[in-house]
Amino acid sequence: MNSVAPFAHEALFYRDEADFLSGTARFVADGVDHGEPVLVAVPEASIAPLRERLGPLADQVHFIDMTEAGRNPGRIIPGVLMAFSASTQQRFRMIGEPMWPGRTELEYPACVQHEVLINTAFEGREGVILCPYDATALPGHVLQDARRTHPVVIDGERRVASEWYTDPSALTDLYNVPLPPPPLGAEEHPFSVGTLAHMRKLVSAYAQGLRREQAEDLVLAVNELATNSILHASGRGVLRMWREGDAVVCEVSDTGTGFPPSFTGLSGFGIVMVNLLCDLVRTHTSHSGTTVRVYLGR
């Protein structure tokens, strides 16, 4: 009888480069030895040292700069992890570092929600995902959240079941927190099915200054969110737009209950597409409605 669990989600706490290389290189070598496809998605600065540590084994590993591919935490599962695991019919092995020093407070809730979703998105699949955490540079609350979202924690030579691990269904609202209010002067436009075309023109005009493809992505993302409001909420909603530095921010609010992401079917795929298009997506759902805020050009 095979005693290997179908799927494992583990956190690796490291304290310096040597610690990082020891834990990740061992994980990668084990995967290569077992003939498993291996993905390493970590910040670019960590890739070269790991390649050197692995030597010839590195040629059998797929490397991705997570600071680029995973800039939006909501893009990591569909755009990085699922994309790799779907490319093989074998048991897979992946390293994904979603929370590196330098992540902003604005991004952090989406990082935790990403870690929670991994446990449901990959449930029953054949593979293992290892998530490195810099235990020296990251705040204590980040490490505590890692213990909540990973069934297993590796710390030095210790590999233990996390006593803090919490079932994903109980963590759904952990970072479902109200978003900061839009700034004074933000544009506000109510919309309904009859004004969708006009709304798209407003977004396109407001996106002036972004690259053409970014502006087109923003229009598509906001249209998807507004369409969801019309179909699944009250048939109407409110669009707000403003700028934060170089980023254009668009927010769609309605009185509905939102739509959870789905990685295996059509239901909820719209919000996955929005994450693939945008630099950051933040969502808050309450008894009074749903607000989705997207950033592009950060």
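To be clear, the structure that these remarks concern was listed above.
As the structure is a computational prediction, the values presented were derived from the model and not from experiment.

*Asks:* Please clarify how the overall build of the protein chain should be interpreted in this entry.
*Replies:* Broken down by element type, the protein chain carries 10 helices and 12 strands. Over its C-alpha trace the protein chain gives a radius of gyration of 20 Å, about what one expects of a compact globule, namely 19 Å for 298 residues. Expressed along its principal axes, the backbone C-alpha trace of the protein chain runs to roughly 60 × 40 × 40 Å. Looking at the protein chain as a whole, 52% of its 298 residues qualify as buried. Sequence-distant contacts, at least 24 apart, represent 70% of the contacts inside the protein chain between residues at least 6 apart. For the protein chain, the computed accessible surface area is about 14200 Å², with 53% contributed by carbon and sulfur atoms. Measuring between centres, the 24 positive side-chain charges of the protein chain sit 4 Å from its 36 negative side-chain charges.

*Asks:* Explain the sheet that holds strand β9 (residues 236-244) here, please?
*Replies:* Whenever strands of a sheet pair, they do so through backbone hydrogen bonds, lying parallel or antiparallel. Spatially, β8-β9-β10-β12-β11 is the arrangement adopted by the five strands of the open sheet, whose pairing is antiparallel. The sheet is open, and its two edges are formed by β8 (187-192) and β11 (280-286), each paired on a single side. Taken over all neighbouring pairs, the strand axes of this sheet differ in orientation by 15 degrees on average, direction set aside. Here helix α8 (residues 196-206) sits on the sheet in contact with β8, β9 and β10 (247-254), set at roughly 5 degrees to β9. Its contacts with the sheet place helix α9 (residues 212-232) against β8, β9, β10 and β12 (289-296), and it is angled at close to 10 degrees to β10.

*Asks:* Please explain α8 as it appears in this structure.
*Replies:* Along an α-helix, a turn takes 3.6 residues, which lines up residues three or four apart on a common side. Regarding α8, the residues found buried are Leu196, Met199, Val203 and Tyr206. Along α8, the residues classed as buried sweep out an arc of 85 degrees about the axis, all on the same side.

*Asks:* Explain helix α1 (residues 17-33) to me, please; I cannot follow it from the model alone.
*Replies:* With 17 residues, α1 ought to run about 24 Å at 1.5 Å a step, and its terminal C-alpha atoms sit 24 Å apart, in line with that. Among the residues making up α1, those that are buried are Phe20, Leu21, Gly23, Thr24, Ala25, Phe27, Val28, Ala29, Gly31 and Val32. Considering only its buried residues, α1 is in contact with β1 (7-14), β2 (38-42), α2 (44-54), β3 (61-65), β4 (92-96) and β5 (127-134). Note on α1: the residue one or two positions beyond its end, Gly35, has a positive phi of about 75 degrees.

*Asks:* I'm lost on the side chain of Asn176 in this one. Help?
*Replies:* With respect to the element layout, Asn176 can be found in the loop between α7 (168-171) and β8. Dropping the residues within four chain positions of it, Asn176 is found in contact with Gln113, Thr283, His284 and Thr285.

*Asks:* Would you mind showing me how to read the packing of aromatic side chains here?
*Replies:* Aromatic rings in a pair are described by how distant their centres are and how their planes are angled relative to each other. Applying the stated criterion to the full structure yields five aromatic pairs. With a centroid separation of 5.1 Å and an interplanar angle of 65 degrees, the aromatic rings of Tyr14 and Phe20 are classed as edge-to-face. Tyr14 sits in the buried class, given a relative accessible area of 8%. With a centroid separation of 5.8 Å and an interplanar angle of 65 degrees, the aromatic rings of Phe92 and Phe122 are classed as edge-to-face. Pair noted here: Phe92 is in strand β4 and Phe122 is in the loop between α5 (108-121) and β5, with a separation of 30 residues, a long-range link. Each member of the pair, Phe92 as well as Phe122, is classed as buried.

*Asks:* Before we go on, may I ask you to explain the pattern of salt bridges in this structure?
*Replies:* It is possible for side chains of opposite charge to pair when their charged atoms get near one another. Using the criterion set out here, one finds 13 salt bridges in the structure. One salt bridge connects Arg15 with Asp155, and the closest N-O pair in it is separated by 2.6 Å. Residue Arg15 is found in the loop between β1 and α1, and its partner Asp155 is found in strand β6 (residues 152-155); the two are separated by 140 residues along the sequence. Take Arg15: its relative accessible area is 42%, and that puts it in the partly exposed class. One connected set of salt bridges, linked through shared partners, spans Glu36, Arg91, Arg93 and Glu126.

*Asks:* Would you mind showing me how to read the environment of Tyr175 here?
*Replies:* Within the secondary structure layout, Tyr175 lies in the loop between α7 and β8. What makes Tyr175 buried here is its relative accessible area of 18%. It is 9.5 Å that separates the C-alpha atoms of Tyr175 and Thr283, two residues lying 108 residues apart in sequence. Contact partners of Tyr175, with chain neighbours within four places excluded, come to Tyr108, Pro109, Val112, Gln113, His141 and Asp145.

*Asks:* What exactly am I supposed to notice about the nonpolar core here?
*Replies:* In a soluble, globular protein the nonpolar side chains are often hidden away together inside. Of all hydrophobic cores here, the largest spans 34 residues; its most connected members are Phe13, Leu81, Met94, Phe122, Ile129 and Tyr133. At the level of elements, β1, β2, α4 (76-85), β4, α5, β5 and α6 (140-149) are the ones that each hand at least two residues to this core. Once residues lying within four places of it in the same chain are set aside, the contact partners of Phe13 are Asp19, Tyr133, Ala135, Leu143, Ala146, Arg147, Val153, Ile154, Asp155 and Gly156.

Calculation rules
- Residues numbered from 1 in each chain as written.
- Predicted model: local features only at pLDDT ≥ 70, side-chain atom pairs only at ≥ 80, totals over all residues.
- Heavy atoms only, no water.
- Helix = DSSP H or I, 4+ residues; strand = E, 2+ residues; numbered from the N terminus.
- Rg over C-alpha atoms; globule rule 2.2 N^0.38 Å.
- Buried < 20%, exposed > 50% of the residue type's maximum accessible area, 1.4 Å probe, protein only.
- Contact = heavy atoms within 4.5 Å.
- Areas by Shrake-Rupley, 256 points an atom, 1.4 Å probe, with all protein chains shown as cover.
- Lys, Arg positive; Asp, Glu negative; His and termini not counted.
- Charge placed at Lys NZ, Arg CZ, Asp CG, Glu CD.
- Pairing = 2+ DSSP bridges.
- Axes fitted to C-alpha atoms, helices over the stretch in contact; angles between N-to-C directions.
- Arc of directions from axis to C-beta.
- Expected span 1.5 Å × (residues − 1).
- Phe/Tyr/Trp six-rings, centres within 6.5 Å; stacked < 30°, edge-to-face > 60°.
- Salt bridge = Lys/Arg side-chain N within 4 Å of Asp/Glu carboxyl O.
- Core = buried A, V, L, I, M, F, W, Y, C linked by side-chain atoms within 4.5 Å.

Geometry only, nothing functional implied.
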